[in-house]
Amino acid sequence: MSPQQAFWRTSFASGITVTEKPRSVTVFAPASVSNVACGFDVMGFALEGLGDDVTVTIDSGRAITIAVLNHLGSMLPVDPQKNTAGPPVAALLKRSGRNIGVTVNIRKGFASGSGLGSSAASAVAAAVACNALLDLELSMRELLPFALEGEMVASGAVHADNIAPSLLGGFTIVRGYDPLDVVRITPPDDLWCAVILPAGTIETRVSRSLLPASVPLGQVVTQTGNIAGLVAGLLTADYGLIGRSLQDVIVEPARAHTIAGFYKMKQAALEAGALGCSISGSGPALFALTRGEHSCHQIANAMGNALSRIGTPWSTFCSRVNTHGAVIKTEEPNAAL
Ligand code: HSE
């Protein structure tokens, strides 16, 4: 039985089996840290607790209607071609062959433009909800390309380093884009992530325009070594190797100036014992990895204090790596369907 079928309730009345198909499905998809220092557009991991809830409901129309219930910052578009939840839903409706209308209600758990995969969380949650609602029985991996269509809307580029962890959970590596080939690894149990969210937003599209079109071979060699070292460190729970590998010689230097106090926060995190610290996605959030929860809180406080000294408001949180990704929260049955 597929996960979505498990959500269909079968009841027995007067000896007749009635299968109630869902009319409405709500899915939570987590926030994520992408790039993870050295792995630009390739590496990412999902976070615990923070994310978007998306409810997809079959309605009486023939169109996709999007509503954002709380914007938490900049106004998000409700045009299905411009909101990141729209393209995945349109593609899955097409796949189902059903000429029906759906309403997509998005409840943001964190602001867009934060660097924590906001656009991906909405796209992933919408894709998983639609898959269950339409009984398409696609696996989480099969949903990847559908969710990815939403990310294209947000940044103008196809990058799956937020989509993959938000959907699958754990630490993900986009081995290739053509065809899409995602490797998922489970990081060490005691790996924690401190996140600081400075006030303000950065548009991924703009942040990508700051990146160099080509890089010297020496930088590629350094970056490749760090990527390999990070993966080996995660697989062998070698925290020292993880720390040595959390270095980005290509993307971080091109973007650091867009985040006020970046180097001060990074220095504070490292002095407080972080294994490494860098920009989360395209920022302005920063992440720092560490071993254990206690250390994580110390690092988060240190980064916050550093930012307070330059007068920028901030919030922080600590999280383990989320290993389950997007989850169906509720479904509302409708026996009439
Ligand atoms: N890898 C993407 C970038 C993530 O850094 O542009 C955007 O959130």
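Structural notes, computed from the coordinates. (Residues numbered from 1 in each chain as written. Predicted model: local features only at pLDDT ≥ 70, side-chain atom pairs only at ≥ 80, totals over all residues. Heavy atoms only, no water.)

### Re the site of the ligand
Okay, step 1: Around the ligand, the neighbouring residues are Ser34, Asn35, Phe40, Asp41, His159, Asp161, Asn162, Thr204, Arg208, Arg255, Gly281 and Ser282.
Okay, step 2: At a separation of 3.3 Å, an oxygen atom of the ligand approaches a polar side-chain atom of Asn162.
Okay, step 3: Between the ligand and Arg208, the relevant distance is 2.7 Å, taken from an oxygen atom to a side-chain nitrogen or oxygen of the residue.
Okay, step 4: In isolation the ligand exposes 250 Å². Once the protein is present, 97% of that is buried.
Okay, step 5: Structurally, the ligand is housed in the largest pocket.
Okay, step 6: For the shell around the ligand, the class distribution of residues is one nonpolar, seven polar and four charged.
Okay, step 7: Mapped onto the domain boundaries, the shell around the ligand takes at least three residues apiece from domain 1 (3–185 + 323–333) and domain 2 (191–321). (Near = heavy atom within 4 Å. Polar contact = N/O pair within 3.5 Å; in protein donor to acceptor, adjacent residues only side chain to side chain. Areas by Shrake-Rupley, 256 points an atom, 1.4 Å probe, with all protein chains shown as cover. 1 Å grid on protein atoms, 1.4 Å probe; cavity = no way out; pocket = protein on both sides within 12 Å on 5 of 7 lines; lining within 4 Å. Sits in = over half its atoms within 2 Å of the grid points. Nonpolar A, V, L, I, M, F, W, Y, C, P; charged D, E, K, R; others polar. Domains from an automatic or database assignment.)

### A short note on empty space enclosed by the protein
Okay, step 1: Evaluation of the coordinates by the stated rule reveals one cavity of 30 Å³ or more.
Okay, step 2: Estimates place the volume of the largest cavity at around 40 Å³.
Okay, step 3: Lining the largest cavity are Asn35, Ala37, Asp248, Val251, Glu252, Ser278, Ile279 and Gly281.
Okay, step 4: For the lining of the largest cavity, the secondary-structure elements that each account for two or more residues are helix H9 (251–255) and strand E9 (276–279).
Okay, step 5: Looking at the lining of the largest cavity residue by residue, the classes come out as three nonpolar, three polar and two charged. (Points joined across faces, edges and corners; volume = space filled by probe spheres on them. Helix = DSSP H or I, 4+ residues; strand = E, 2+ residues; numbered from the N terminus.)

### Thoughts on the pattern of salt bridges
Okay, step 1: Enumeration according to the criterion identifies seven salt bridges in this entry.
Okay, step 2: When the shortest N-O distance is used, the salt bridge between Glu332 and Arg23 registers 3.0 Å. With Glu332 in strand E12 (residues 327–334) and Arg23 in strand E2 (residues 16–34), the pair connects residues that are 309 residues apart, well separated along the chain.
Okay, step 3: On the basis of relative accessibility, which here comes to 36%, the residue Glu332 falls in the partly exposed class.
Okay, step 4: According to the relative accessible area criterion, Arg23 is partly exposed, its value standing at 27%. (Salt bridge = Lys/Arg side-chain N within 4 Å of Asp/Glu carboxyl O. Buried < 20%, exposed > 50% of the residue type's maximum accessible area, 1.4 Å probe, protein only.)

### Digging into the packing of helix H3 (residues 118–133) against helix H4 (residues 140–155)
Okay, step 1: One can describe the packing of H3 onto H4 by two numbers: an axis separation of 8 Å at closest approach and a directional angle of 135 degrees. On the basis of their axis angle, the class for H3 and H4 is oblique. Crossing angle aside, the handedness with which H3 passes H4 is right-handed. Side by side, H3 and H4 meet where Ser119, Ala120, Ala123, Val124, Ala127, Val128 and Asn131 of the first sit next to Met140, Leu143, Ala147, Gly150, Glu151 and Ala154 of the second.
Okay, step 2: Residues of the contact of H3 with H4, tallied by class, amount to nine nonpolar, three polar and one charged. (Axes fitted to C-alpha atoms, helices over the stretch in contact; angles between N-to-C directions. Parallel < 35°, antiparallel > 145°, perpendicular 65-115°, else oblique. Left-handed = near helix turned anticlockwise from the far one by under 90°. Contact = heavy atoms within 4.5 Å.)

### Considering the environment of Ser34
Okay, step 1: Tracing the backbone shows Ser34 in strand E2.
Okay, step 2: By relative accessible area, which is 3% here, Ser34 ends up buried.
Okay, step 3: Between the C-alpha atom of Ser34 and that of Val215, which follows or precedes it by 181 residues, the distance is 20 Å.
Okay, step 4: The residues touching Ser34, leaving out its near neighbours within four places in the chain, are Met43, Gly44, Asp161, Asn162, Ile279, Ser280 and Gly281.

### Examining the layout of surface pockets
The gaps of empty space that remain are located by a probe, the size of a water molecule, rolled over the atoms.
Okay, step 1: Approximately 650 Å³ is the volume found for the largest pocket.
Okay, step 2: In this structure, the largest pocket is lined by 38 residues; those nearest its centre are Ser112, Gly113, Ser119, Ala154 and Thr204.
Okay, step 3: Counting residues per element, the ones that place at least two in the lining of the largest pocket are H3, H4 and helix H6 (204–209).
Okay, step 4: In terms of residues, the lining of the largest pocket owes the most to one element, H4, which gives four residues.
Okay, step 5: Looking at side-chain class alone, the lining of the largest pocket contains nine nonpolar, 20 polar and nine charged residues.

### Some details on the sheet that holds strand E11 (residues 314–320)
Okay, step 1: Here four strands make up an open sheet; going across it, the order is E9-E10-E8-E11 and the pairing antiparallel. Where the open sheet ends on each side, the last strands, each with one partner, are E9 and E11. With direction set aside, neighbouring strand axes in the sheet form an average angle of 20 degrees.
Okay, step 2: When E9 meets strand E10 (residues 286–291), the two strands line up antiparallel, connected through four bridges. Residue pairing for E10: Cys277 is matched across the bridge by Ala288.
Okay, step 3: Packing against the sheet, helix H10 (residues 262–271) makes contact with strand E8 (191–198), E9 and E10, and its axis sits at approximately 160 degrees to E9. (Pairing = 2+ DSSP bridges.)

### Considering a nonpolar patch on the surface
Okay, step 1: On the surface, Met152, Val158 and Tyr177 cluster together into a nonpolar patch covering about 240 Å² of accessible area.
Okay, step 2: Inspection of the secondary structure assignment puts Tyr177 in strand E6 (residues 171–177).
Okay, step 3: Classification of Tyr177 as partly exposed rests on a relative accessible area of 31%. (Patch = residues over 30% accessible without salt bridge, like charges linked within 9 Å, V, L, I, M, F, W, Y side chains within 5 Å.)

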